[in-house]
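Inside the fold
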Amino acid sequence: MNLNSGAKRRFLRLAAGSASALFLTGCDRLSRTEWFPRLLGQGERLSYGVYRLFGSRRPMAQEFTEVDLSPSFRSNGTRLPENDVYQALAKDGFANWALEVGGLVEQPVRLTLAQLRAMPSRTQITRHDCVEGWSAIGKWTGVPLAEVLRQVRPTPQARYVVFHCADPMENGANFYYESIDLDDAYHVQTILAYGLNDATLPIDNGAPIRVRIERQLGYKMAKYIMRIELVESFANIAGGKGGYWEDQGYQWYAGI
Ligand SMILES: Nc1nc2c(c(=O)[nH]1)N[C@H]1C(S)=C(S)[C@@H](COP(=O)(O)O)O[C@H]1N2
Ligand SMILES: [Mo]
């Protein structure tokens, strides 16, 4: 269990109105239709539904300059996955690590860190907002997720991208995971980051890669990614709500 989960639960209780409570208790069937999640925002901030109602999401997250960088970028949640396989990979600087990308794709791939680094890259200075009430501005470098998706070619059934992480949660039964839709997956600022502030991404912040999804809150930005899976629905993954924190009641679309 993460540190600060008590604070998260308190926040959640504050944030959850009766509408979102209703949503959380089982509109699964409805939420699989196209219009329902677009119509019904479930949260405390501008949500998925609200963006959709007004036509589209804000196209780009704000980008900053070097002078805006936070003196250091703190770590939150897992700082070192308690996972022997991960720790063995970390010892060798992730030379033997490879990202698996599969699921509803025409061409599953395994990409080493060297291969990911050789692909087109993007660097962006953005602000990370954690639901616990802190923010930090960092400079992220990585490969656009869209480039990886171009290689694997999602099938027409694919609707979501799921990130499976190395850090075991709870009693070790589950791992941290997250999911986004294809709108966010193909967004230009959505990158698989291997660099932070011109250095190799530290383990504290998710080495070897963590995703940046700049229009959403920090908990969406999965660290320690081992595998990416294209799915039509996340109903059968872990608690079925699309992410580790979502399974504890957080909203799935965590728009800023
Ligand atoms: N695998 C994994 N990803 C994670 C977390 C985690 O505990 N495990 N915590 C999330 C939360 S709540 C936040 S705010 C950010 C923190 O990123 P940082 O450690 O780089 O500050 O990572 C997110 N991604
Ligand atoms: Mo967070």
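This report concerns the structure included in the present document. (Residues numbered from 1 in each chain as written. Chains lettered and ligands numbered in written order. Predicted model: local features only at pLDDT ≥ 70, side-chain atom pairs only at ≥ 80, totals over all residues. Heavy atoms only, no water.)

Section: the site of ligand 1
Stated formally: Think of it this way: one heavy atom of a residue within 4 Å of a molecule or strand is enough to make that residue near it. In protein, a polar contact means a hydrogen-donor-capable atom and an acceptor-capable atom, both N or O and within 3.5 Å, with residues adjacent in sequence counting only if both atoms are side-chain atoms; elsewhere, any N or O pair within 3.5 Å suffices. Computed with a 1.4 Å probe, the accessible areas rest on the Shrake-Rupley method; for each residue, only the protein chains presented here act as cover. Working definition: helices are DSSP H or I runs of at least four residues, strands are E runs of at least two. Numbering for both runs from the N terminus. Only Asp, Glu, Lys and Arg are considered charged in this grouping, and only Ala, Val, Leu, Ile, Met, Phe, Trp, Tyr, Cys and Pro are considered nonpolar; every other residue, Gly among them, is considered polar.
Near ligand 1 lie 23 residues; those nearest to it are Arg 74, Asn 76, Asp 167, Asn 205 and Lys 223. Here an oxygen atom of ligand 1 and a backbone polar atom of Asn 76 are 2.8 Å apart. Contact distances for ligand 1 include 3.0 Å between a nitrogen atom and a backbone N or O atom of Met 221. Protein burial of ligand 1: of its 530 Å² of free accessible surface, 100% is covered by the chains. Of all the secondary structure elements, the ones that give two or more residues to the shell around ligand 1 are strand S3 (122–130) and strand S5 (160–169). Classifying every residue of the shell around ligand 1 by side-chain character gives nine nonpolar, eight polar and six charged.

A look at the packing of aromatic side chains
Heads up, the condition is: Any pair of Phe, Tyr and Trp rings, taking the six-membered ring for Trp, is counted once the centres come within 6.5 Å. Such a pair is stacked with planes under 30 degrees apart, edge-to-face with planes over 60 apart, and tilted for the rest. Exposure categories follow from relative accessible area, calculated using a 1.4 Å probe and restricted to protein chains: below 20% of the type maximum is buried, above 50% is exposed, and the middle band is partly exposed.
Per the counting criterion, the structure on display carries 11 aromatic pairs. Ring plane angle 55 degrees and centroid distance 5.4 Å describe the contact between Tyr 86 and Phe 94, whose orientation is recorded as tilted. Both residues of the pair, Tyr 86 and Phe 94, belong to the buried class. Here Tyr 160 and Trp 252 contribute two aromatic rings whose centre-to-centre distance is 5.6 Å and whose plane-to-plane angle is 90 degrees, an arrangement assigned as edge-to-face.

What about the side chain of Glu 246?
The criterion, for reference: Any pair of residues with heavy atoms lying within 4.5 Å of one another is described as a contacting pair.
Position of Glu 246 relative to the elements: it lies in the segment after strand S10 (225–231). Owing to a relative accessible area of 1%, Glu 246 belongs among the buried residues under this scheme. Residues within four places of Glu 246 in sequence aside, it is in contact with Glu 178, Tyr 219, Lys 220, Lys 241, Gln 251 and Trp 252.

Brief notes about the sheet that holds strand S2 (residues 109–112)
Rules: If DSSP finds at least two bridges between two strands, the strands pair. In this description, a line fitted to the C-alpha atoms serves as the axis of each element, helices being fitted only across the stretch in contact, and the angle between N-to-C directions of two axes falls anywhere from 0 to 180 degrees.
The strand order S2-S1-S10-S5-S6 describes an open sheet built from five strands, whose pairing is mixed. Sheet topology places S2 and strand S6 (174–181) at the edges, where each strand pairs with a single neighbour. With direction set aside, neighbouring strand axes in the sheet form an average angle of 20 degrees. Of the pairings in the sheet, the one linking strand S1 (residues 98–103) to S10 comprises four bridges and is parallel in character.

Regarding the nonpolar core
As a reminder of what qualifies: Think of a nonpolar core as a cluster: buried Ala, Val, Leu, Ile, Met, Phe, Trp, Tyr and Cys residues, connected wherever their side-chain atoms sit within 4.5 Å.
Leu 145, Phe 163, Leu 192 and Ile 228 are the most contacted members of the largest nonpolar core, which has 54 residues in total. Apart from the residues within four sequence positions on either side, Ile 228 is in contact with Leu 99, Glu 100, Val 101, Gly 102, Leu 145, Val 161, Val 162, Phe 163 and Leu 192. Among the nonpolar cores identified, the runner-up in size contains eight residues, and Val 162, Phe 234, Ile 237 and Trp 252 belong to it.

Some words on the pattern of salt bridges
Rule in force here: We define a salt bridge as a contact between a side-chain nitrogen of Lys or Arg and a carboxyl oxygen of Asp or Glu at a distance within 4 Å.
Overall, the coordinates contain 12 salt bridges when judged by the stated rule. Ionic pairing is found between Glu 66 and Lys 139, a salt bridge with its closest N-O pair at 2.8 Å. Of this pair, Glu 66 sits in the loop between helix H5 (48–53) and helix H6 (84–91) while Lys 139 is found in strand S4 (residues 134–144), placing the two residues 73 residues apart along the sequence. The exposure class of Glu 66 is partly exposed, given its relative accessible area of 45%. In this structure, Asp 129 and Arg 127 form a salt bridge, with 2.9 Å as the shortest nitrogen-oxygen distance. Among the residues examined, Asp 129 registers a relative accessible area of 10% and is labelled buried. Under the relative-accessibility criterion, Arg 127 is labelled partly exposed at 34%. One salt-bridge network, in which partners are shared between bridges, spans Glu 66, Lys 139 and Asp 198.

Considering the pairing of S1
Here four bridges tie S1 to S2, and the two strands are oriented antiparallel to one another. Paired with Val 101 across the strands is Val 109, a residue of S2. Here S1 hands over to S2 after five residues, the two strands then running antiparallel side by side.

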